[in-house]
Amino acid sequence: MAVPVVENPFAILTLIAAPAVFTNASSVLALGTGNRLARVVDRTRVVSKMLQSESHDPAETPMWRNQIVRLEKRAALLVRAMSFFYTAIGAFAAASLVSLLGASLAGTSYNLSFDLIVGASLIVGIVGFVCLSVGCSLLVRETHLALQNLSEEAGLAKSWLK
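Description of the structure in this document. This one's a predicted model, so the numbers in the text were calculated from it and none came from an experiment.

1. Here we look at the overall build of the protein chain
Argument step 1. Summing up its helical and strand segments, the protein chain has three helices and zero strands in all.
Argument step 2. For the protein chain, restricting intrachain contacts to residue pairs at least 6 apart in sequence, the fraction spanning at least 24 positions comes to 84%.
Argument step 3. If you sum the accessible surface of the protein chain, you get close to 10,100 Å²; carbon and sulfur atoms cover 69% of it.

2. A word on a nonpolar patch on the surface
Argument step 1. On the surface, Leu-122, Ile-126 and Val-130 cluster together into a nonpolar patch covering about 280 Å² of accessible area.
Argument step 2. Within the secondary structure, Leu-122 sits in helix H3 (residues 111-161).

3. Details of the environment of Leu-139
Argument step 1. Looking at the element boundaries, Leu-139 is found in helix H3.
Argument step 2. On the accessibility criterion, Leu-139 (9% relative accessible area) is buried.
Argument step 3. Sequence spacing of Leu-139 and Thr-33 is 106 residues, and the spatial spacing of their C-alpha atoms is 7.9 Å.
Argument step 4. If sequence neighbours within four positions are ignored, Leu-139 has contacts with Leu-29, Thr-33, Arg-36, Leu-78, Ala-81 and Phe-85.

4. Points about the pattern of salt bridges
Argument step 1. For the structure shown, the criterion picks out four salt bridges.
Argument step 2. In this structure, Arg-74 and Glu-142 form a salt bridge, with 2.7 Å as the shortest nitrogen-oxygen distance. Of this pair, Arg-74 sits in helix H2 (residues 61-105) while Glu-142 sits in helix H3, placing them 68 residues apart in sequence. Like Glu-142, Arg-74 is buried.
Argument step 3. Counted as one network, the salt bridges with shared partners bring together Arg-36, Arg-74 and Glu-142.

5. Section: the packing of aromatic side chains
Argument step 1. The final tally for this structure, using the stated rule, is two aromatic pairs.
Argument step 2. Measuring from centroid to centroid gives 5.1 Å for Phe-22 and Phe-92, while their planes differ by 25 degrees, and the two rings are stacked. Here Phe-92 lies in helix H2 and Phe-22 lies in helix H1 (residues 10-52), a separation of 70 residues in the sequence.
Argument step 3. For Phe-22, a relative accessible area of 32% gives the class partly exposed.
Argument step 4. Looking at Phe-92, the relative accessible area reads 2%, which means it is buried.

6. What to know about the environment of Phe-92
Argument step 1. Put simply, Phe-92 and Asn-24 are 68 residues apart on the chain and 9.2 Å apart in space, counted from C-alpha to C-alpha.
Argument step 2. When near neighbours in sequence (up to four residues on either side) are disregarded, Phe-92 contacts Pro-19, Phe-22, Thr-23, Ser-26, Gly-125, Gly-128, Phe-129 and Leu-132.

7. Overview of the environment of Val-134
Argument step 1. By secondary structure assignment, the location of Val-134 is in helix H3.
Argument step 2. Measuring from C-alpha to C-alpha, the distance between Val-134 and Arg-80 comes to 9.4 Å, with 54 residues separating the pair along the chain.

8. A word on the side chain of Arg-70
Argument step 1. By the secondary structure assignment, Arg-70 is in helix H2.
Argument step 2. A relative accessible area of 13% means that Arg-70 is categorised as buried.
Argument step 3. A distance of 3.1 Å separates the side chain of Arg-70 from the side chain of Gln-148, its partner in a polar contact.
Argument step 4. Other than its neighbours up to four places away in sequence, Arg-70 contacts Leu-145, Gln-148, Asn-149 and Glu-152.

Reading the values: rules and limits
Residues numbered from 1 in each chain as written. Predicted model: local features only at pLDDT ≥ 70, side-chain atom pairs only at ≥ 80, totals over all residues. Heavy atoms only, no water. Helix = DSSP H or I, 4+ residues; strand = E, 2+ residues; numbered from the N terminus. Contact = heavy atoms within 4.5 Å. Areas by Shrake-Rupley, 256 points an atom, 1.4 Å probe, with all protein chains shown as cover. Patch = residues over 30% accessible without salt bridge, like charges linked within 9 Å, V, L, I, M, F, W, Y side chains within 5 Å. Salt bridge = Lys/Arg side-chain N within 4 Å of Asp/Glu carboxyl O. Buried < 20%, exposed > 50% of the residue type's maximum accessible area, 1.4 Å probe, protein only. Phe/Tyr/Trp six-rings, centres within 6.5 Å; stacked < 30°, edge-to-face > 60°. Polar contact = N/O pair within 3.5 Å; in protein donor to acceptor, adjacent residues only side chain to side chain.

If you want it as structure tokens, here you go:
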């Protein structure tokens, strides 16, 4: 039999702790992703201005074009990742709220309602976890594209040293 919330005031905190931690993690990732997107926008502007200027070496133009294409892909991946992180934030916040409601009904005679709330909390929590995982995998893909651009630029810089 369930212990009423009145007898164990920490039951509510226990039920909402995991979604709250995941909400915080999703928020931090969304913030970092927003910063990464801003850096991609800045870098795109720099490369575009450099291509417009007449001071760049025409032999390097294909490399810079490839970088612009990768920067577009990176921006798209980052926006998608942010969408997933924001969905995860909402899902984990909803899971916390539903868990809180379930904890308050635990000591009552509403068994059917309690079972539905537990199921809803689990489903919303799973949605949040999947969104968090997908967002992280998109960040990994974006990082690989950034590394390709960095490798090309490092190769160019090394060629100048010869």
